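Architecture at a glance
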Amino acid sequence: MTILEMRDIKVQFPGVLALKGVPFDLRAGEVHALMGENGAGKSTLMKVLAGVYTNYEGSITYKGEEIVSRSIPEQRQRGISIIFQEMELLPNLTVAENIFLGRQPTNATGTIDWRRMNRDARELLDRIRTPIPEDALVSHLSVGQMQMVEIAKALSFQADVIIMDEPTAALTGKEVDGLFANIQDLKAQGVAICYISHRLEEIRRIADRVTVFRDGGYVGTRDAADLSVDEMVSMMVGREMDDYYPRVTVPRGDVVLELCDIRRGHVLKGVSLVAHAGEITGLYGLMGAGRTELMRAAFGADPYDSGSILIDGVPARIRNPRDAKRHGIALLTEDRKQQGLILDFDLNKNISLANLKAAMGPFGFDERKESRHNQELADSVRVKTPSLRQLARNLSGGNQQKVVLAKWLNTDSKVFIFDEPTRGIDVGAKAEIYRIMNRLKQDGKAVIVVSSELTECMGISDRMYVMHEGRMTGLIEGDEMGGLTEETVIAYATGTKTTQSFPEEQ
Ligand SMILES: Nc1ncnc2c1ncn2[C@@H]1O[C@H](COP(=O)(O)OP(=O)(O)OP(=O)(O)O)[C@@H](O)[C@H]1O
Ligand SMILES: [Mg+2]
């Protein structure tokens, strides 16, 4: 049964026609995936439906009646709830307060009934099988946990339609399983779910139907069961993509970065790693293995208890990110909102932030030179925007990630650490980012890629380390890379197997 039908939806932003008149419909109890490259218009359409953008043209029929989408509360009242791609929780309130913000249960005297609010919150959190305490402050949660709170919040509005915009981007494998179990429950209750994700395997696992957009236009709607991954990709990018992981061969150079026996509490239990110039070094591990922590230690973002860092064979004192930058280390983080971008600055400024020197002309700061240079950088990662004067806030999620990349390419670093570089990035742009890594490799840089996507990590790395619970358990290099199977890597990552050269207790 069709419960929602959107027809000929058009949305114009200054300089961008985000949606050119597209259709979309939903049936009760289905998961309908919305796919397309970064900037295709997916989030925009969902924001129209959720009452965020009201400047749309076209018609919406919901439960047989024509409706006008005027505001978020009104749409929620109708049973249409959205989980935003960029999280909107208030950090200084508790989990329960966030879930019931503005509609806290009150008791007879009109004051907030804390006990009931906490109990109701607990119930919702249990329903999605998450152990987060209901009275924890949101600022103490991980990004993944915040996402679970968002989901609990959406559930709290008796929704018939739930919109999930890249809900798994920051979740661990276990949390994803929990979410999918929830989605199955919701489906069984007749709830319709709009699901946006760039992860093709997820779509194959969870979606009943798939609609693809390209450049604000409608490409088509298909049953997920009849759609192969290759077909999905060619619908999205408008051409066949054969080479997901382009490779270049470069003679390997000297060791540039060396981490020796880095220790930090229970998180890093004596970890060593070397990265060569002209090589892509992969670092794989399950969530919580300590990969990000190790890279943050190398970048001076987190302190470590003992161990040493050598750059070009010379011990380096790296106590903060400034030291790291001075030694030529760049870290591209997974969390663009917290560490990568200033959302209220335009793109030009954001790109310039990492390296103001690049914009210096003979007579001091040269604004024209800056813009030209930044435009080249933005083009090289294919940022989709009408101009660099656009505020970072107004870019689609994936395009924000590309700006972070452009910003770091703007430094003359010799070690580039990419932490989950393709999270939230569409397939076409992913290949583009792999090309950028290859270019850095050809330029003689040492590239380190932290990834929890196994196929990606295996596909682009020349050499690969695997971590498990704060220890290095696997190192795969040379000929071993050729015959490497996923099973082997997972055996290292789960600690059931250890490379000979790594002693059991380091
Ligand atoms: N508030 C806004 N002001 C101006 N332009 C906007 C605004 N929101 C979105 N856009 C533009 O509209 C287009 C569609 O963006 P949208 O966020 O819908 O893409 P998306 O398909 O969700 O992409 P992603 O996969 O990267 O999240 C993009 O070109 C984006 O820059
Ligand atoms: Mg989006």
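Residues numbered from 1 in each chain as written. Chains lettered and ligands numbered in written order. Predicted model: local features only at pLDDT ≥ 70, side-chain atom pairs only at ≥ 80, totals over all residues. Heavy atoms only, no water.

**Some thoughts on the pattern of salt bridges**
- One pass over the structure, following the stated rule, counts 31 salt bridges.
- The salt bridge involving glutamate 420 is made with arginine 291; its shortest N-O contact spans 3.8 Å. Taken together, the residues span a long stretch of sequence, with glutamate 420 in the loop between strand S19 (415-419) and helix H15 (427-442) and arginine 291 in helix H9 (residues 291-298) at a distance of 129 residues.
- Arginine 291 gets classed as buried once you look at its relative accessible area, which sits at 4%.
- Bridged by salt links that share partners, the residues Arg252, Glu279, Arg463 and Glu477 form one connected network. (Salt bridge = Lys/Arg side-chain N within 4 Å of Asp/Glu carboxyl O. Helix = DSSP H or I, 4+ residues; strand = E, 2+ residues; numbered from the N terminus. Buried < 20%, exposed > 50% of the residue type's maximum accessible area, 1.4 Å probe, protein only.)

**A look at the domain arrangement of the protein chain**
- If you check the domain split of the protein chain, you get domain 1 (2-237) and domain 2 (251-328 + 414-423 + 446-506).
- Of note, the centres of domain 1 and domain 2, computed from C-alpha atoms alone, are 35 Å apart. (Domains from an automatic or database assignment.)

**A few points about the sheet that holds strand S4 (residues 56-62)**
- Ordered in space as S2-S1-S4-S5, the four strands form an open sheet in which the pairing is antiparallel. Two strands bound the open sheet, and with one partner strand each, they are strand S2 (16-27) and strand S5 (65-67). Sheet twist, expressed as the mean angle between neighbouring strand axes with direction ignored, is 15 degrees.
- Here nine bridges tie strand S1 (residues 2-13) to S2, and the two strands are oriented antiparallel to one another. Bridge pairing links phenylalanine 13 to valine 16 in S2.
- Against the sheet, helix H1 (residues 42-50) makes contact with S1, S2 and S4, and its axis sits at roughly 115 degrees relative to S1, the strand it touches most. (Pairing = 2+ DSSP bridges. Axes fitted to C-alpha atoms, helices over the stretch in contact; angles between N-to-C directions. Contact = heavy atoms within 4.5 Å.)

**Focus: the environment of aspartate 462**
- Following the sequence through the fold, aspartate 462 ends up in the loop between helix H16 (454-460) and strand S21 (463-468).
- For aspartate 462, the contacting residues outside a window of four places in its chain are Arg247, Glu279, Ile280, Lys441 and Met481.
- Among the polar contacts listed, one links the side chain of aspartate 462 to the side chain of arginine 247, at a separation of 3.3 Å.
- One polar contact links the side chain of aspartate 462 to the main-chain amide nitrogen of isoleucine 280, over a distance of 2.7 Å. (Polar contact = N/O pair within 3.5 Å; in protein donor to acceptor, adjacent residues only side chain to side chain.)

**Brief notes about the site of ligand 1**
- Neighbouring ligand 1 are 21 residues, the closest being Gly39, Lys42, Ser43, Thr44 and Ser396.
- Alanine 40 has a polar backbone atom sitting 3.2 Å from an oxygen atom of ligand 1.
- Take glycine 41: an N or O atom from its main chain is 2.9 Å from an oxygen atom of ligand 1.
- Against a free-state accessible area of 640 Å², the protein chains account for coverage of 92% of ligand 1. (Near = heavy atom within 4 Å. Areas by Shrake-Rupley, 256 points an atom, 1.4 Å probe, with all protein chains shown as cover.)

**Side note on unusual backbone geometry**
- If you check the backbone angles, aspartate 261 has positive phi at about 50 degrees while not being a glycine.
- Considering the arrangement of structural elements, one finds aspartate 261 in strand S11 (residues 255-264).
- Of note, glutamate 420 is a non-glycine position whose phi angle comes to about 50 degrees, a positive value.
- Glutamate 420 sits in the buried class, given a relative accessible area of 6%.

**Observations regarding the packing of helix H14 (residues 397-409) against H15**
- The N-to-C vectors of H14 and H15 enclose an angle of 10 degrees; their axes lie 12 Å apart at closest approach. The pairing of H14 with H15 is recorded here as roughly parallel in orientation. Touching Lys402, Leu405 and Leu409 of H14 are Ala429, Ile433, Ile436, Arg439 and Leu440, all from H15.
- Here the residues of the contact of H14 with H15 are counted per class, giving six nonpolar, no polar and two charged. (Parallel < 35°, antiparallel > 145°, perpendicular 65-115°, else oblique. Nonpolar A, V, L, I, M, F, W, Y, C, P; charged D, E, K, R; others polar.)

**Quick look at the sheet that holds strand S6 (residues 80-83)**
- Strands sit in the order S6-S7-S8-S3-S9-S10 across an open sheet of six strands; the sheet is mixed. The open sheet has two edge strands with one neighbour each: S6 and strand S10 (217-223). Across the sheet, the mean angle from the axis of one strand to that of its neighbour is 15 degrees, orientation sign disregarded.
- Judged from the four bridges that link them, S6 and strand S7 (residues 161-165) form a sheet pairing that is parallel. Each bridged residue has a counterpart across the sheet, and for isoleucine 82 the counterpart in S7 is isoleucine 163.
- Across the sheet, helix H6 (residues 173-188) is in contact with strand S3 (31-35), S7 and strand S8 (192-196); its angle to S8 comes to roughly 145 degrees.
- Packing of helix H8 (residues 229-237) onto the sheet brings it into contact with S3, strand S9 (209-214) and S10, and relative to S9 it is tilted by some 30 degrees.

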